[in-house]
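Each chain, letter by letter, is given below.
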Amino acid sequence: MAKPGLPQGTRDFASETVRKRAYIFNSIRNVFETYGFQPLETPAMENLETLMGKYGEEGDKLIFKILNNGLDNPAKHEAARNDLEKVLEGKSVKSFTERALRYDLTIPFARYIATNFGQLTMPFKRYQIQPVWRADRPQKGRYREFYQCDADVVGSKSLLIEAELANIYHSVFKQLRVPVEIKINSRKILGALAVVCGGPDKMMDITIAIDKLDKIGLDKVKEELADRGLNPEQVTIIERYLLISGSNTERLAELKALIGENDLGIHGIRELEFLLQFLPATVTDTLVTDFTLARGLNYYTGVIFEVKAIDVQIGSIGGGGRYDDLTGLFGVPNVPGVGISFGVDRIYDVLDELKLFPENVATGTKVLFFNMGEEEAKAAFSLMQTLREKGIAAEIYPDQVKFDKQFKYADKKDIPYAVIIGSEELANETCVVKSLKQGSQQILAHAGLVDFDWS
RNA sequence: GAGAUCGUAGCUCAGUUGGUUAGAGCGUCAGUUUGUGGCACUGAAGGCCGGGGGUUCGAGACCCCUCGGUCUCCCCA
């Protein structure tokens, strides 16, 4: 029989991995909580129309759609046959699919804001830790099911929030001991560049091209810009823009010379300047202005973030930004928001590679009670319950088998203590407590077991 | 969506220019050892060589198709 497999890009997590992942989730959750964010959970699936058109053309293709039930109903056959042509053209048709798996946490959040608008106290701060699904081709650091940890604030235009979010990035990665670089930019700066070179409608073309700078190099970027219809003069301006270097303040000064005449540009520059002044040096040390940073999602309008682990060859491990009118798409205009996201699966890979997981994440069973027969097991069982009630993880070997086997079981599961109650101990109301790490053992009265130091 | 590469035991992999009955290590199970584990030794189980077709006297190996894994591009966490 063929062995059952897993859908492409999905994974099982064995106990140790689950524990390590929980360590990351908890670190992030704790920081979110201390910054006053409240948890939210939304369904795995949304109505397809909630999701479609929110992530750009590429994004739409990567949404996992759910086939409608009841297609076998004869009454629906004619409609389905008529719609089949559209499906084959790659369109989404209600008679075939009306629901889809969540693609990220931001759009479901926006939908939540829109559906509950009257009842939320603004500014509304929520965090959300849930899996999302993308029909992407899996590759290194990239899966079809992965978790996002988002924190968003809606209902305020204050840059204080951006500052706070940058601070969250800083404290989470400090806590996890991952050296990172937090790149910042503003969509307004990119917008200003577009205005200066060929008009606002060129913004997408320009950002897509310059975003690739560190991957394909300056010459290729210039080539791509020309291909996208920019004239040589405009390409030269962009080249100057890309060559901006130095410290954050130096870069901003150079940028001013280039797009400082433009209103949008001035605003964008001010946003970054504010962050760099507002935050303490310990945080700004990890902040790096990067004017090539674009971020794919097309709803961003202001400051954008991206976090990269230093010295690890993996994509970004977090990103986010300001979106001034996200819920407008759902009929609730003028709700500004800012959000950030942590890519847990990649953070895991980084911690693993850098060996940054603490050793004690893998705490399992503390005590194994040996099974020495029915009467003995009965005594062991009730003693074990007293330990469990005190919060000490304990288990009893279910079968009466050779010592050898019970010891090996404890070894494999890394259980530090064995408690042995045989016929002799049963008669004396004692038990043998053996430390498997040290090999030492002692005899305790049954009553003394609870007070034993199991650490 | 485009491309590269790999599929042999539960896992990691050998397997010569195509040549008898496909191997190793680890793991599993049993025994040495029925109240003291990790070590050691002995033995066993475990394979339609991913699937289908073709070339050949002969295919794990070569060719075609297909499925799956991994990686790259696009895009993204």
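Rules used in this analysis
Residues numbered from 1 in each chain as written. Chains lettered and ligands numbered in written order. Predicted model: local features only at pLDDT ≥ 70, side-chain atom pairs only at ≥ 80, totals over all residues. Heavy atoms only, no water. Pairing = 2+ DSSP bridges. Helix = DSSP H or I, 4+ residues; strand = E, 2+ residues; numbered from the N terminus. Axes fitted to C-alpha atoms, helices over the stretch in contact; angles between N-to-C directions. Contact = heavy atoms within 4.5 Å. Domains from an automatic or database assignment. Polar contact = N/O pair within 3.5 Å; in protein donor to acceptor, adjacent residues only side chain to side chain. Salt bridge = Lys/Arg side-chain N within 4 Å of Asp/Glu carboxyl O. Buried < 20%, exposed > 50% of the residue type's maximum accessible area, 1.4 Å probe, protein only. Left-handed = near helix turned anticlockwise from the far one by under 90°. Nonpolar A, V, L, I, M, F, W, Y, C, P; charged D, E, K, R; others polar.

A. Seen up close, the sheet that holds strand β15 (residues 430-435). Spatially, the 5 strands line up as an open sheet ordered β13-β12-β14-β15-β16, and their pairing is mixed. Each end of this open sheet is capped by a strand with a single partner; those strands are β13 (394-396) and β16 (441-445). The mean angle between the axes of side-by-side strands here comes to 25°, regardless of whether they run parallel or antiparallel. Taken together, the 3 bridges between strand β12 (residues 367-369) and β13 define a ladder with parallel strand orientation. Within the sheet, the bridge partner assigned to L368 lies in β13 and is E395. Strands β12 and β13 of the sheet are contacted by helix α16 (residues 374-389), whose axis makes an angle of about 165° with β13. Against the sheet, helix α17 (residues 403-412) contacts β12, β13, β14 (417-420) and β15, and its axis sits at roughly 160° relative to β12.

B. Highlighting the sheet that holds strand β4 (residues 97-101). Strand order in the open sheet formed by 3 strands is β2-β4-β3, and the pairing between neighbours is antiparallel. At either end of the open sheet lies a strand with only one pairing partner, and these are β2 (45-47) and β3 (65-67). Taken over all neighbouring pairs, the strand axes of this sheet differ in orientation by 45° on average, direction set aside.

C. Fine view of the domain arrangement of chain A. If you check the domain split of chain A, you get domain 1 (15-353) and domain 2 (367-448). Using C-alpha coordinates to define each centre, domain 1 is positioned 53 Å away from domain 2.

D. Quick look at the environment of T289. Mapped onto the elements of the fold, T289 is located in strand β8 (residues 287-289). Distance in space between the C-alpha atoms of T289 and G448 is 62 Å, their sequence separation being 159 residues. For T289, the residues in contact, after removing those within four places along its chain, are I184, N248, R251, L272 and L276. In this structure the side chain of T289 is engaged in a polar contact, spanning 3.0 Å, whose partner is the side chain of N248.

E. Quick look at the side chain of D152. Relative to the helices and strands, D152 is located in strand β6 (residues 145-154). A polar side-chain atom of D152 sits 2.3 Å from a polar atom in the side chain of R126. Residue contacts for D152: discarding those within four places in its chain leaves F37, T106, F109, F124, K125, R126, Y323, V338 and G339.

F. Representation of the pattern of salt bridges in the model. The tally for this structure, following the rule as stated, stands at 16 salt bridges. With its nearest N and O atoms 2.3 Å apart, the salt bridge here joins R126 to D152. Taken as a pair, R126 in strand β5 (residues 124-133) and D152 in strand β6 lie far apart in primary sequence, 26 residues in all. For the pair R126 and D152, one class covers both residues: buried.

G. Structural context of the environment of I238. In this fold, I238 is placed in helix α11 (residues 232-242). The exposure class of I238 is buried, given its relative accessible area of 0%. Once residues within four sequence positions are removed from consideration, I238 is found in contact with L193, C197, I206, I210, L225 and L230.

H. Spatial organisation of the packing of helix α10 (residues 218-227) against α11. Interhelical geometry of α10 versus α11 gives an angle of 145° and a closest axis separation of 10 Å. The way α10 lies across α11 gives a crossing that is right-handed. For the pair α10 and α11, contact is made by L218, V221, K222, L225 and A226 and by V235, I238, E239 and L242, respectively. Tallied by class, residues from the contact of α10 with α11 come to 7 nonpolar, no polar and 2 charged.

I. Spotlight on the pairing of strand β9 (residues 303-309). Along β9, 6 of the 7 residues are buried, which leaves the element largely enclosed by surrounding structure. Bridge count for β9 against strand β10 (residues 318-323) is 4 bridges, and the pairing is antiparallel. When the bridges of β10 are listed, E306 appears paired with G319.

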